Amino acid sequence: MVSDSISTCFMSQQLELLNDPPTLPSWDFSDDLLLGLDPYGDTSTSLEDTPSPGVGTPAEQPFSAEQAGPSTAVAQLERASKPPRGVRKQSQNRQAQHRFRQRQKARTENLQAQLAAATTQLQDLQARQQQLEARNASLESFASTALSHDPLGPPVADADWSSLTSSVAGDDQQRITLTVLPNQVLVKTIPDVSRMPFTEFASLYAAYAQKMNQCLVQISQTGSAIPTMAALHKWTSEVTSMKVAFALGNVHSSIAYFSFRLDGRIGASRVQLPASFYQNLLAALRLTDAQQADMLHLRKLFYAKIGGVRRERAGLWPKVPVEVAGTAADATVKTIATSSLAQQLQESSAAEFRATVQFGSAFDRGVLTLTQQALYAVNSFPYIPDTMRLFEALAAISNAAPVGVLTQAVGDDFEHSIAWQEVVNYLRNITQANVHLHVPLIEPSSRTL
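The paragraphs below set out a description of the structure included in this document. Residue positions are given per chain, counting from 1 as you read along its sequence in written order. The predicted nature of this model means local features are confined to residues of pLDDT at least 70 and side-chain atom pairs, given and counted, to a pLDDT of 80 or more, with totals for whole chains, interfaces and linings taken over all residues. Calculated side-chain values reflect all of the structure's heavy atoms, with hydrogen atoms and water omitted.

1. Points about the overall build of the protein chain
Here comes step 1: Helix numbers and strand numbers start at the N terminus; a helix is a DSSP run of H or I with at least 4 residues, a strand a run of E with at least 2. Helix and strand counts for the protein chain come out as 17 helices and 3 strands.
Here comes step 2: For the protein chain, the share of sequence-separated contacts (at least 6 apart) that also reach a separation of at least 24 residues comes to 77%.
Here comes step 3: For the area figures, the Shrake-Rupley method with a 1.4 Å probe applies, and any residue is considered shielded solely by the protein chains shown. Counting every atom, the protein chain has about 26,300 Å² of accessible surface; 57% of that belongs to carbon and sulfur. Note on contacts: a residue pair is in contact if any heavy atoms of the two residues lie within 4.5 Å.

Below you can see the structure in the form of structure tokens.
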């Protein structure tokens, strides 16, 4: 009876487990282990075909779920409730494919984000490069105006340079003829002159200085004979043409060439010459009062013009963009603006150079007489004198206003440009017929020192 009670109790507990099986934890892998043992186990509920385990074994009896024990019964019931293996495999494959597609999508989105960032960075770098190139172009344009054999274009005609040459070619390329060397006639274009090595330029200039000195000696001994004056005019015109052509064709080299001694000897450069050098040169020129008045008036107009040009240029520099553009469109707009500013800066630099050349031409060809032009070159040899310093030496003697005051002259820049037109018109009035004379710049009635 006791054993029957125990069996009844045990079976009741097993039935409760069948009706309400316990929930296994998530880390329980018993199902997978059982599935792995399917090929090796018999899932039938009877053992009728099972051979006897050995001799003496009792007669075969039907094998029931109660006799198989609780664990086997639970496993059998759970396996019976699960879907077939093929269905589960398809479900697992779909889940694996879904996870793979999710990973591929995430990777693709990440690569697309990296590509977008790299593209944006490339556009920013390209925009910055365009800005820097445009800014560099503006700097180069400001630093140099010697862009071709005729960098100033129309200003050459304004200054009437053709009167300085012995011949003008039919192909519109201005040429100069140099006859100072014995038995040689050199016909050179402006590019040819600008490419002269220093030794050739110096030897030609020294030969001209010697020829002009010979003429001056003859004039002092025999007077102003026509053949001597004609020869002096020839040498003076040729050497002036050579200097102007070299300056027009090669600005930077002309600054260097004009600063060195031209006799091949070692000595001080032009910038190292003392103020007394220019004071003695002024005395050698023997300028009249009218000439001194013209020089002071020319100085006033020149520095007012230069001051206006430099103020205009100073106002352009802050407009050059330096910050990096936000987009390619912004970069394009800023590049166009920078290119326009570069063009304006170039024009401003060219205007200053043009005014400087016109200033020197007005002094050499208009204020000075032919004899004084020769004296100016001969007495300053082996140097090419700095015309600005000569004017400042005269201003110091005459107690004229300093350069700083003249560059900040009262009046707007337009008025100064109009005033400078007086010098341009003055150059047009200088011809082969009067180039050997002093051509007045201001009317005698309004002339003041």
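Past the structure itself, the notes keep going.
2. Thoughts on the environment of Asp 386
Here comes step 1: In this fold, Asp 386 is placed in the loop between helix H14 (370-380) and helix H15 (387-398).
Here comes step 2: Classification of residues uses two cut-offs on accessible area relative to the type maximum, computed with a 1.4 Å probe and protein chains only: under 20% is buried, over 50% is exposed, and between them is partly exposed. Residue Asp 386 is classed as partly exposed on the basis of its relative accessible area, which comes to 23%.
Here comes step 3: A sequence separation of 115 residues divides Asp 386 from Val 271, and the C-alpha atoms of the two residues are 8.4 Å apart.
Here comes step 4: Setting aside residues no more than four positions away along its own chain, Asp 386 makes contact with Arg 270, Tyr 278 and Tyr 376.
Here comes step 5: A distance of 3.1 Å separates the side chain of Asp 386 from the backbone nitrogen of Met 388, its partner in a polar contact. As used in this structure description, the phrase polar contact means that two N or O atoms lie within 3.5 Å; if the pair is within protein, one of them must be able to donate a hydrogen and the other to accept it, and residues adjacent in sequence are counted only when both atoms belong to side chains.

3. As for the packing of aromatic side chains
Here comes step 1: Any two of the Phe, Tyr and Trp rings considered here, Trp counted by its six-membered ring, make a pair once their centres fall within 6.5 Å; the pair's planes then place it as stacked at under 30 degrees, edge-to-face at over 60, or tilted in between. One pass over the full model with this rule turns up 18 aromatic pairs.
Here comes step 2: Between the aromatic rings of Phe 198 and Tyr 257, the centroid separation amounts to 5.1 Å while the plane-to-plane angle is 75°, which identifies the pairing as edge-to-face. Of the two residues, Phe 198 sits in helix H8 (residues 198-222) while Tyr 257 sits in helix H10 (residues 251-257), which places them 59 residues apart along the sequence.
Here comes step 3: Arranged with centres 4.7 Å apart and planes meeting at 25°, the rings of Phe 246 and Tyr 257 form a pair that is stacked. With Phe 246 in helix H9 (residues 226-249) and Tyr 257 in helix H10, this residue pair connects regions lying 11 residues apart in the sequence.
Here comes step 4: Judged by relative accessible area, Phe 246 falls into the buried class, the value being 0%.
Here comes step 5: Relative accessible area serves as the criterion here: at 13%, Tyr 257 is assigned to the buried category.

4. Focus: the nonpolar core
Here comes step 1: We define a nonpolar core as any set of buried Ala, Val, Leu, Ile, Met, Phe, Trp, Tyr and Cys residues linked to one another through side-chain atoms lying within 4.5 Å. Within the largest apolar cluster, 38 residues are counted, with the highest numbers of intra-cluster contacts made by Leu 298, Phe 363, Leu 390 and Trp 420.
Here comes step 2: Within the residue set of this core, elements represented by two or more residues are helix H11 (275-285), helix H12 (289-316), helix H13 (328-367), H15 and helix H17 (413-428).
Here comes step 3: It is H12 that provides the largest number of residues to this core, a total of 8 residues.
Here comes step 4: Contact partners of Trp 420, with chain neighbours within four places excluded, come to Leu 301, Phe 302, Lys 305, Ala 355, Gln 358 and Phe 359.
Here comes step 5: Core analysis: the second largest hydrophobic core is formed by 37 residues, Trp 235, Phe 246, Phe 258 and Val 357 among them.

5. Concerning the side chain of Thr 407
Here comes step 1: Note on placement: Thr 407 falls in helix H16 (residues 403-407).
Here comes step 2: Here Thr 407 falls in the buried class, since its relative accessible area comes to 16%.
Here comes step 3: At 3.1 Å, the side chain of Thr 407 forms a polar contact with the backbone oxygen of Gly 404.
Here comes step 4: Setting aside anything within four residues of it in sequence, one finds Thr 407 in contact with Tyr 303, Gly 307 and Arg 311.

6. As for the packing of H11 against H15
Here comes step 1: Fitted lines through C-alpha atoms serve as axes, helices being fitted only where they are in contact, and the angles separating the N-to-C directions of these axes extend from 0 to 180 degrees. Two elements in contact, H11 and H15, have axes whose closest approach is 9 Å; the angle formed by their N-to-C orientations is 80°. Between H11 and H15, the angle falls in the class roughly perpendicular. Here Ala 275, Tyr 278, Leu 281, Leu 282 and Leu 285 of H11 come into contact with H15, specifically with Arg 389, Leu 390, Ala 393, Leu 394 and Ile 397.
Here comes step 2: Gly is placed with the polar residues, together with every amino acid not listed as nonpolar (Ala, Val, Leu, Ile, Met, Phe, Trp, Tyr, Cys and Pro) or charged (Asp, Glu, Lys and Arg). Residues that form the contact of H11 with H15 fall into these classes: 9 nonpolar, no polar and 1 charged. Angles are sorted into four bins: roughly parallel if under 35 degrees, roughly antiparallel if over 145, roughly perpendicular if 65 to 115, and oblique for all others.

7. A closer look at the pairing of strand S2 (residues 174-178)
Here comes step 1: Burial of S2 is extensive: 4 of the 5 residues sit out of reach of the surface.
Here comes step 2: Sheet topology places S2 next to strand S3 (residues 186-189); 4 bridges connect them, and they run antiparallel. The residue of S3 that forms the bridge with Arg 175 is Thr 189. Following DSSP output, two strands are said to pair if at least two bridges run between them.

8. Remarks on the pattern of salt bridges
Here comes step 1: Salt bridge, as used here, is a side-chain nitrogen of Lys or Arg placed within 4 Å of a carboxyl oxygen of Asp or Glu. This model, assessed by the stated rule, comprises 6 salt bridges.
Here comes step 2: A salt bridge links Asp 263 to Arg 261; its shortest N-O distance comes to 2.5 Å.
Here comes step 3: Linking Arg 310 and Glu 352 is a salt bridge whose minimum nitrogen-to-oxygen distance equals 2.7 Å. Within this pair, whereas Arg 310 is found in helix H12, its partner Glu 352 is found in helix H13, the two being separated by 42 residues in sequence.

9. Re the packing of H8 against H14
Here comes step 1: In the contact formed by H8 and H14, the axes pass within 9 Å of each other and the chain directions differ by 130°. In terms of axis orientation, H8 runs oblique to H14. For the pair H8 and H14, the crossing hand works out as left-handed. In this structure, H8 uses Tyr 205, Ala 209, Met 212, Asn 213 and Leu 216 to contact H14, whose residues at the interface are Thr 371, Ala 374, Leu 375, Ala 377 and Val 378.
Here comes step 2: By residue class, the composition of the contact of H8 with H14 is 8 nonpolar, 2 polar and no charged. By definition, any crossing whose near helix is turned counterclockwise from its far helix by less than a right angle is left-handed, and any crossing with a clockwise turn is right-handed.

10. So, unusual backbone geometry
Here comes step 1: A cis amide bond links Phe 381 with the next residue in sequence, Pro 382, at an omega value of 15°.
Here comes step 2: Relative to the helices and strands, Pro 382 resides in the loop between H14 and H15.
Here comes step 3: Its identity as a non-glycine residue notwithstanding, Asn 183 has a phi of 60°, on the positive side.
Here comes step 4: Looking at the element boundaries, Asn 183 is found in the loop between S2 and S3.
Here comes step 5: Judged by its relative accessible area of 83%, Asn 183 falls in the exposed class.
Here comes step 6: You will see that Asn 399, though not glycine, has its phi angle at about 60°, which is positive.
Here comes step 7: Inspection of the secondary structure puts Asn 399 in the loop between H15 and H16.
Here comes step 8: Judged by its relative accessible area of 70%, Asn 399 falls in the exposed class.

11. What to know about the side chain of Glu 238
Here comes step 1: Relative to the helices and strands, Glu 238 is located in helix H9.
Here comes step 2: Looking at Glu 238, its side chain comes within polar contact range of the side chain of Tyr 208, at 2.5 Å.

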